[in-house]
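Residue-level listing of the chains:
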Amino acid sequence: MTDSKKAPARPALKAVRGTRDLLPDQTPLWNHVETTARNLFARYGFGEIRTPVFEATELFARGVGEETDIVSKEMFTWEDRARAASEKPQTLTLRPENTAGVVRAYIEHQFANSGALQKLYYIGPQFRRERPQRGRYRQFWQIGAEVIGPPSSGSESPLRDAEILEMLATLLDELGIRGWQLELNSVGSAQDRVHYNETLRAALQPIRSQLCADCQRRADTNPLRVLDCKVPEDQPLIDTLPRIADHISADSRAHFDAVRAALDACKVPYHLNPRLVRGLDYYTRTTFEFTVTTGLGTQNALLGGGRYDGLSEMLGGPRAPGIGFAIGEDRLILTLQAQQQEDARTSGAASANLLDAYIAPLTPAQNPAALALARELRAANLKIEVGDGSFKLRKSFETANSLARHIILLGEDEAGSELYTVKTFASGEQVKVPRANLPELLAGV
RNA sequence: GCGGCUAUAGUUCAGUGGCAGAACGCCGCUCUGUGGCAGCGGAUGUCGUGGGUUCGACCCCCACUGGCCGCCCCA
């Protein structure tokens, strides 16, 4: 080592803004969420897809929409070097969402030719250059799924919409998320949306001067977003605006009614929200959000999704209607953690994730035997930590008590005999057992 | 991207223009093959970074960076 104060002061290296480390005290919960989701998706016939974390910028520009906030100001984009002088450099982007990538893969691998309905899920990081906040990070994780295929595969069926929603309700229930609410709406077909936009624009003209500054701007740039306004004073006026539900085609209405009928049959509760507008251009017909009240502050949307009947064609592919969703995994975890804290306050119980045993060699001479014993017990699928013979016995006990349910002493007494001294912390009982009986003893509580 | 609040020990947080603090945790001892409890003792640290004001700045001012809250938007 060098002298203590010689090193020149340098700024410490830190995880960059909006990114973070997930440490061992958190990762078990993440793995639990992901395992639960994988098992559930498998039961519904979904297969996993993993697409690249970066794609050609054009994919998102065309898929998500040039005018959306995501594409216009939130993407991490850079220019890749040209490989040859004759080649133009390519503009690449870290994926801000995963649906466009999945649909790109669907087209690229000619899934449509199979004629089959594709059910695909993904779990992975996404990237958006936003101001970080609770429940909003620059690298965040989404668990999502897509159902897509040629119309002949039934991809347009309202049954698919309802199945997705029912699956999500089941997932949140299985994870133990309490108090979730499903917000449901239909924004109509692409054509419906064009017509409704004009209707809305016209209706906004006479009242726009009475609206908040943001809404006055939205009235021009994106009238649909006026419906999303949260300023209390604007609400009475917004309530007078024409509703999407009254301006969608008979087909779209029938589709939406069928989705609702199937949800009712499955007893999935939902809340019709005629103002639910989603920010990505590709959404058509059914749109939805699941919200919670615990742990997320104003970022109360746990997941969102909807139908995207025209996306494949927007990306140059065949007609392939689809529906999908993305769960904000970070937000799901925040909600679960907030719930756990609530529970801890009421019950006071905090369950520790303890190892099965801590092996304490009493002198350095026992270290090799201790490691050999650990190897044997770990092979028997037990969770084991090994101390060091230089530790004082007191320290071994203290360390063992914080890490494990049992301590195994390994000293001169034990070395000669084949009997091991094992103490169980919960009961305070201490016994001597033969080596062969160790796994059974340690596995018990 | 805009506005507000904030940054002190491993952690949670006090603090005053003049020697850097508490609790918990950590280490040691009481206690040399027996932990939890208790007592005693000890170390905590570029006071986020860089400038400025001042005889003197952890404190006041500015900038930057990070975090939190709200807006925008989204998961």
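A few points on the structure. (Residues numbered from 1 in each chain as written. Chains lettered and ligands numbered in written order. Predicted model: local features only at pLDDT ≥ 70, side-chain atom pairs only at ≥ 80, totals over all residues. Heavy atoms only, no water.)

### Here we look at the sheet that holds strand 15 (residues 419-424)
- Strand order across the open sheet formed by 5 strands is 13-12-14-15-16, with mixed pairing between neighbours. Two strands lie at the open edges of the sheet, namely strand 13 (384-386) and strand 16 (430-434), each paired on one side alone. Within this sheet the neighbouring strands show an average axis-to-axis angle of 25°, counted without direction.
- The pairing of strand 12 (residues 357-361) with strand 13 spans 3 bridges and is parallel. For Y358, the partnering residue across the bridge sits in strand 13 and is E385.
- Sheet strands touched by helix 12 (residues 367-379): strand 12, strand 13, strand 14 (406-410) and strand 15. Its angle to strand 13, the strand with the most contacts, is close to 170°. (Pairing = 2+ DSSP bridges. Helix = DSSP H or I, 4+ residues; strand = E, 2+ residues; numbered from the N terminus. Axes fitted to C-alpha atoms, helices over the stretch in contact; angles between N-to-C directions. Contact = heavy atoms within 4.5 Å.)

### With respect to the side chain of D356
- By the secondary structure assignment, D356 is in the loop between helix 11 (329-347) and strand 12.
- For D356, a relative accessible area of 9% puts it in the buried group.
- Of note is the side chain of D356, whose polar atom sits 2.8 Å from the backbone nitrogen of K383.
- At 2.5 Å, the side chain of D356 and the side chain of R405 are in polar contact.
- Residues within four places of D356 in sequence aside, it is in contact with L382, K383, A404, R405, H406 and L442. (Buried < 20%, exposed > 50% of the residue type's maximum accessible area, 1.4 Å probe, protein only. Polar contact = N/O pair within 3.5 Å; in protein donor to acceptor, adjacent residues only side chain to side chain.)

### What to know about the nonpolar core
- Counting residues in hydrophobic clusters, the biggest one holds 47 residues, and the most contacted among them are F41, F46, I177, F288, F290 and F325.
- Ranked by the residues each element gives to this core, the list is headed by helix 5 (residues 158-175), at 9 residues.
- In contact with F290, other than residues within four places in its own chain, are L165, L168, A169, L172, W180, Q181, L182, N300, A301, L302 and L303. (Core = buried A, V, L, I, M, F, W, Y, C linked by side-chain atoms within 4.5 Å.)

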